[in-house]
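Commentary on secondary and tertiary structure
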Amino acid sequence: MFGGVVSVPTNSPHLRKSGSRPIVFDLGTTELGNSAEEDFLHFIESNEMKGVSTSLTSVAILPSPVLLWRFKVLLFFLWGFICCKIGWDSVMRMSADLRDLFLYEAFLYYNPLLLVTMMVWLWGINLWVFAQANVGYAKIFDLDQSHLAHREIWKCATWMTIIVPTSMTAYLYLYSHGEVSLAASQPVLLYAALAMTLIFPFDIFYLSTRYFLLRTLWRIVFPLQAITFADFFLADILTSMSKVFSDLERSVCRMVHRQVATIAWFEADSVCGSHSIAIPIVLVLPYIFRFFQCLRQYKDTREKTTLLNALKYSTAVPVIFLSALKYHVFPDKWTNVYRPLWLLSSVLNSLYSFYWDVTRDWDLSCFTRIFKFSKPYFLSHILYGRKWVYFWVIGSNLILRCTWTYKLSAHLRHNYITVFTITALEMLRRFQWAFFRVENEWNKMNSKTNNQHSMSEMANEEEKLLNSNGHSRKKLDATYSISSFKLYDFNLDYEEAVKKFQFEKK
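Below is a short write-up of the structure. (Residues numbered from 1 in each chain as written. Predicted model: local features only at pLDDT ≥ 70, side-chain atom pairs only at ≥ 80, totals over all residues. Heavy atoms only, no water.)

1. Notes on the overall build of the protein
- A count of helical and extended segments in the protein gives 17 helices and zero strands.
- Looking at the 506 residues of the protein, the share that counts as buried comes to 37%.
- Taking as baseline every contact in the protein between residues at least 6 positions apart, the subset at least 24 positions apart corresponds to 71%.
- Working note: accessible area of the protein is about 31,200 Å², and carbon and sulfur atoms make up 67% of it. (Helix = DSSP H or I, 4+ residues; strand = E, 2+ residues; numbered from the N terminus. Buried < 20%, exposed > 50% of the residue type's maximum accessible area, 1.4 Å probe, protein only. Contact = heavy atoms within 4.5 Å. Areas by Shrake-Rupley, 256 points an atom, 1.4 Å probe, with all protein chains shown as cover.)

2. Some remarks on the pattern of salt bridges
- Tallied over the full model, the rule gives 11 salt bridges.
- Note that R219 is salt-bridged to D231, the shortest N-O span being 2.9 Å. Here the residue R219 occupies a position in helix α8 (residues 207-221), and D231 occupies one in helix α9 (residues 229-240), the gap between them amounting to 12 residues. By the burial criterion, R219 is buried, and D231 matches it.
- Salt-bridge contacts for R437 lead to E441; the nearest nitrogen and oxygen are separated by 3.7 Å. Of the two residues, R437 and E441 are both situated in helix α17 (residues 416-505); the distance of four residues between them amounts to about one turn of the helix. Across the pair, exposure class does not vary: R437 and E441 are buried alike.
- Ionic contacts of the salt-bridge type, sharing partners, join the residues D357, R401, E426 and R429 into one network. (Salt bridge = Lys/Arg side-chain N within 4 Å of Asp/Glu carboxyl O.)

3. Topic: unusual backbone geometry
- With phi around 60 degrees, N134 is a residue other than glycine that occupies positive phi space.
- For N134, the position within the fold is in the loop between α4 (96-132) and α5 (137-140).
- Look at N134 and you get exposed, because its relative accessible area is 53%.
- The backbone phi angle of R302 is positive, close to 60 degrees, even though this residue is not glycine.
- Its place among the elements puts R302 in the loop between α11 (278-301) and α12 (304-314).

In structure tokens form, the structure reads like this:
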């Protein structure tokens, strides 16, 4: 019969292999089937004698994807252990009096890139949750079909996780072993490689995504056009990474002035020192960009809430510059005048930002559905509909908003471990902020679409009703005309009958 399964001897050495499947032929007779079977077996045997692998053999030797994934994870942890071991041994080789300075300088060059890597990992988790909760983030951010999903984002984060600590380990090892010039080249090569990868003009390594990122950054710096959701969403993320940009500026400054792996930067009043005026300027730039975005939105929409939002970002300016004044005024004047003003502006900025997050960006007037996944997950069972999730989000947002001013204050940045921890916590706050901000925008878009559909349906029903009323009115007018005509005829008959009766009576 057509499509029948050919019977093959089970003791055939060619088909008794793992992963083999029954072979189906479209033959009319058994004799044709037997001849085709012999031809197929002869073809396999001749290919094996020639060293040519068949599809059955290639399928059989492919490793399991789970096995590959476990092997990659094992290599990743092995690499991490080797980096930690080499880095620790390198630090222990340094003398105790130089160890802190050595770690501080190494931390300055690499902690911005480590924090950026952490943010990329968190953004991949955001996209995964959006996909599971059926939130159309591609429509919200106006992304094309070639946009990166969470898997591609995690691949980029994985490579960054491998490259940045490897360069840091090489820097520690070379510096501790006396190869100062080679050690100084490590952060320079890393920064140059990352910059070239970002602006590389050829169609490799996600060109469309890199172009979208660079174009959005350009629109943030120069808000000469209408502000989109992607523009101010990325600008809000940049405000949380202001400390990262400040450290990047310090690192590039030392690379340009050839102060890497030296103690020339140790002078606080030097061009790349801790008292430089460039530090508060770089810290305030993301807030200035966001401030002008709000003014542009007010110009386009005339909504007064955009002016209140601009006022929120302007409250970060005194926090940054009042803190920087400590190194440029007398100590008594700082203690009696500028320090109380700095504390007041910090409290005002933290509370104002917290209020705006909860009431405007999130709109938690009703429970969110962001963690209601389309497929049953253990994470969804834990988070969806639980009140403690919202108490945690609101409470942690308030606490981290208050500690957030610590990283904006230049005079509190001596303990680099504490500043790194607070900056990482700020990114975690922004990570959980992104869930509710994107979902709030998605709900607004859906409600707007539903309103448009309802308005169009109402317009269609009203048009149908008007058409039906017009038809009834015409029918009524026609009936009225006919009735009037009949009544007119009846009146004429009545008058003639009366005249005739009077005439007969006479």
